[in-house]
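# Understanding the architecture of this molecule
Below are the chains, spelled out letter by letter.
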Amino acid sequence: MAPERRWRSPEMLKHVFAAMALSTVLLAPVLVRAADEIPLPRQEWSFEGVFGTYDLASLQRGFQVYKEVCSVCHPVKHLYFRNLAEIGYNEDEVKAIAAGYQVTDGPNDEGQMYQRPGRPSDPVPGPFPNDQAARAANNGALPPDQSLIVKARPGGPNYVYAILTGYKEAPEGFKMLEGMNYNEFFAGHQIAMPPPLSDNSVTFADGTPATVPQMAHDVTSFLTWAAEPNLDDRHRIGFKVIMFLIVAAGVFYAAKRKIWAPIH
Amino acid sequence: MADTRPGATARIIRWIDYRLPFVQFLNHELNEYPTPRNLSYWWNFGSLSGIMLVVMIVTGIMLATQYTPSADLAFDSVERIMRDVNYGWLLRYLHMNGGSMFFAIVYIHLFRGLYYGSYKTPRELLWIIGVIILLLLVATAFMGYVLPWGQMSYWAATVITNLFSAIPVIGPGIVTFLWGGFTVGDPTLHRFYALHYLLPFVIVAIVLLHLVALHRHGSNNPLGIDQKGPQDTIPFHPYYTIKDLFGLTVFLLIYAFFVFYAPNFLGEPDNYIPANPMQTPNHIVPEWYLLPYYAILRSITFPILFISSKLAGVILAFSSIFILFFLPWLDTSPVRSARFRPIYKRVFWLLVIDVIALGWVGANPPEGIVVTVGQIATLYYFIHMLILFPLIGKLERPLPLPSSISAAVQSGGARLSGAGAPLAKP
Ligand code: HEM
């Protein structure tokens, strides 16, 4: 019998479990501490789990919300127009979207910078020429780049969704600073961003009702894609790799048993 | 058509071996190499470390072909790798999670050594070389973490390099020298990149020494007793090649799970925010594998005699690794394996728990109970090393050792298969 005389010392295992149990006890305070903040409500995301993929219709609606609402303040620095082909726009649509923006190019032969319509190879231009201009327009606060925001916050998509839907009346006696807004989920509860969404902020071409939760869901999906455009590939390849490894592990285990048989 | 007469290759090999005994060397060290027949799966972690070193170097060099080490461009260049380079996301996630996997393996490997007394005669140098590898690994990973130039990269670099300012008189000068300026900046990033590229190759060289030392006396084993003859050993190939291969596949499953399904789980979200010298993050934390040292560093909240609390923390954090160099002499027990050491066998797990507790302390802001736990755990770590190791060895009454590996393994006296009878080298 092969496996294995070392398990004959179940003590070793017992100790491992004891150590694990103890460390759980030790780690519990971490979890407890997180709990005195309001926990983020968990949303259903199509891209979660081993088989998760992006829902292209939702991403396109989300792009519309970004373009019509958020882009007034937030850039998406790492996105190029050409990337939009990955969320289901065809070549002509991508060209048309890009052409709807003016981008600065140059210098031309006279040494002047000039404006021209965007092309698919251009990065999506942001609303402000620099951070100072962005702050000046936003009461001193800087609207952060959104192309990585989902990966740059603990809680990821659930956090962004929670921020977008977490605006409330400040509770009785809560001191609000000038120009700030009360948000349940923002650290310190005072956020410089005014509530960006209200019902029917946008009109979806596919007829989906533009409620705040719907728009928040769609734009968060879009921003998740913007932060992690290769997620679909990653999940798909990962599944194959893991299946392959499971089979290989089985084969090698059998081979190991066979080779070791005379020794045991 | 190539010459396929039997013996052609063999003749070439013989010609080469006569002049440069390379194949002979490989055959001796990887094929015939007599290995204790009773190694458990805890012995897989050595070869796994070696494989991870290769994975890190290969993915690292591929990343390096696309990465730009300048403060203005580093963050964006990593994002370009993630988005525009074919399978760049895969390379980057392999390298990023590979660092964590590497440390997990090395730590298990190290604690395996602690449990089975692998640092004792005649393996003291083997152990010391291992500790040197750990030091280099910590330095390499720390500098690698700075390269993507996110918020945590920047602030970890600032906090850690600032530690040197605790050294009296010359400290501030050293810090400026390390930075190549008056803050962490472009020159710092350049030199960290240069060193991050260099150190892994230094590690390769030292790993080779580690292997030379290992093969001098062969592996220790769960019984901790010496090989007494051919009946105690089996050739490395095919027995341990297949066992290592199986272990590797299981390890790759875990690694793949992180890379493909939780690639950022072990990382800090803050590192997806570009470095900003004007804005300090709320909590500056290192990667998980450095948390215990970080905890020790911060545990000294009071000056000790004329040593400032900061300097004392730095000294202790470094000592926590340096002390391992002396372990072969701190442990006074003549018996290697904890299996035959009734007291040490239990006390060992206190050290494991202690290190996990230190990790927890390092992950949390140093307030209230966290500080107290950190101080107790730090104190315990050094008590364990400096007092318990020498003391237990003296007080403990070891269980009787088996007369030989084969006697312990095959109580029925089964026969060893003829496959490649081990060599008894003079
Ligand atoms: C001992 C082996 C090594 C370890 C433990 C290691 C560790 C790390 C770590 C922890 C990071 C940060 C990953 C992140 O958060 O993004 C990193 C980044 C990097 N490493 Fe290594 N590394 C090793 C070998 C190498 C080698 C040999 C090279 C090639 C020359 C290399 C090139 C890079 C580059 C270009 C980056 C920046 C890109 C990125 O951040 O993903 N590494 N390394």
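The following paragraphs examine the structure supplied in this document. Note that the structure is predicted; figures quoted are calculated from it, not measured.

## Looking at the interface of chain B and chain A
- With 54 residues of chain B at the contact, the number on the chain A side is 52 residues.
- Applying the counting rule to chain B against chain A returns 1 salt bridge.
- A salt bridge links Asp84(B) to Arg82(A), with the shortest nitrogen-to-oxygen separation between them at 3.3 Å.
- The tally of links between chain B and chain A comes to 12 residue pairs in polar contact (both at pLDDT 80 or more).
- Here the side of chain B that touches chain A gets 15 residues from one element, more than from any other, and that element is helix H10 (residues 236–261) of chain B.
- Looking at the side of chain B that touches chain A residue by residue, the classes come out as 36 nonpolar, 6 polar and 12 charged.

## Digging into the site of the ligand
All names here are of chain B.
- Lining the immediate surroundings of the ligand are 24 residues, of which Gly60, Arg92, His95, His196 and Tyr197 lie closest.
- A distance of 2.8 Å separates an oxygen atom of the ligand from a polar side-chain atom of Arg92.
- For the shell around the ligand, the secondary structure elements donating two or more residues are helix H3 (45–64), helix H5 (88–115), helix H6 (124–146) and helix H9 (186–217).
- Of the residues forming the shell around the ligand, the biggest block, 7 residues, is contributed by H3.
- When its residues are assigned to classes, the shell around the ligand shows 18 nonpolar, 5 polar and 1 charged.

## Considering the pattern of salt bridges
Residues and elements named next belong to chain B.
- Across all of its chains, the model carries 17 salt bridges over all chains by this definition.
- Across the pair Lys120 and Asp331 runs a salt bridge, and its minimum N-O distance is 3.1 Å. Placement of the pair is Lys120 in the loop between H5 and H6 and Asp331 in the loop between helix H13 (327–330) and helix H14 (344–363), with a sequence separation of 211 residues.
- Residue Lys120 is classed as buried on the basis of its relative accessible area, which comes to 6%.
- The salt bridge involving Arg341 is made with Glu396; its shortest N-O contact spans 2.8 Å. One end of the pair, Arg341, is in the loop between H13 and H14; the other, Glu396, is in the loop between helix H15 (369–395) and helix H16 (405–409), with 55 residues separating them in the sequence.
- Look at Arg341 and you get buried, because its relative accessible area is 0%.
- Judged by relative accessible area, which is 6%, Glu396 ranks as buried.
- Taken together, the shared-partner salt bridges connect Lys120, Asp331, Arg341 and Glu396 into one network.

## Quick word on the environment of Asp232(A)
Residue and element names in this part refer to chain A.
- Here Asp232 is to be found in helix H7 (residues 231–260).
- Taking the C-alpha atoms as reference points, Asp232 and Val50, 182 residues apart in sequence, are found 10.0 Å from one another.
- Ignoring any residue separated from it by four or fewer positions in sequence, one finds Asp232 in contact with Gly52, Thr53 and Tyr54.

## Considering the coordination of the iron atom of the ligand
Residue and element names in this part refer to chain B.
- Protein coordination at the iron atom of the ligand: the donors are His95 (NE2) and His196 (NE2), at 2.0 Å from the metal.
- Note that the iron atom of the ligand binds 6 donor atoms; their angles at the metal cover 88 to 180°, and the shape is octahedral. You can see His95 sitting in helix H5 and its partner His196 sitting in helix H9, a full 101 residues away along the chain.
- Among the residues examined, His196 registers a relative accessible area of 15% and is labelled buried.

Parameters at a glance
- Residues numbered from 1 in each chain as written.
- Chains lettered and ligands numbered in written order.
- Predicted model: local features only at pLDDT ≥ 70, side-chain atom pairs only at ≥ 80, totals over all residues.
- Heavy atoms only, no water.
- Contact = heavy atoms within 4.5 Å.
- Salt bridge = Lys/Arg side-chain N within 4 Å of Asp/Glu carboxyl O.
- Polar contact = N/O pair within 3.5 Å; in protein donor to acceptor, adjacent residues only side chain to side chain.
- Helix = DSSP H or I, 4+ residues; strand = E, 2+ residues; numbered from the N terminus.
- Nonpolar A, V, L, I, M, F, W, Y, C, P; charged D, E, K, R; others polar.
- Near = heavy atom within 4 Å.
- Buried < 20%, exposed > 50% of the residue type's maximum accessible area, 1.4 Å probe, protein only.
- Donors = N, O, S within 2.8 Å, 3.2 Å for Na, K, Ca; no water.
- Tetrahedral: all angles 85-135°; square planar, octahedral: opposite > 155°, others 65-115°.

Geometry only, nothing functional implied.
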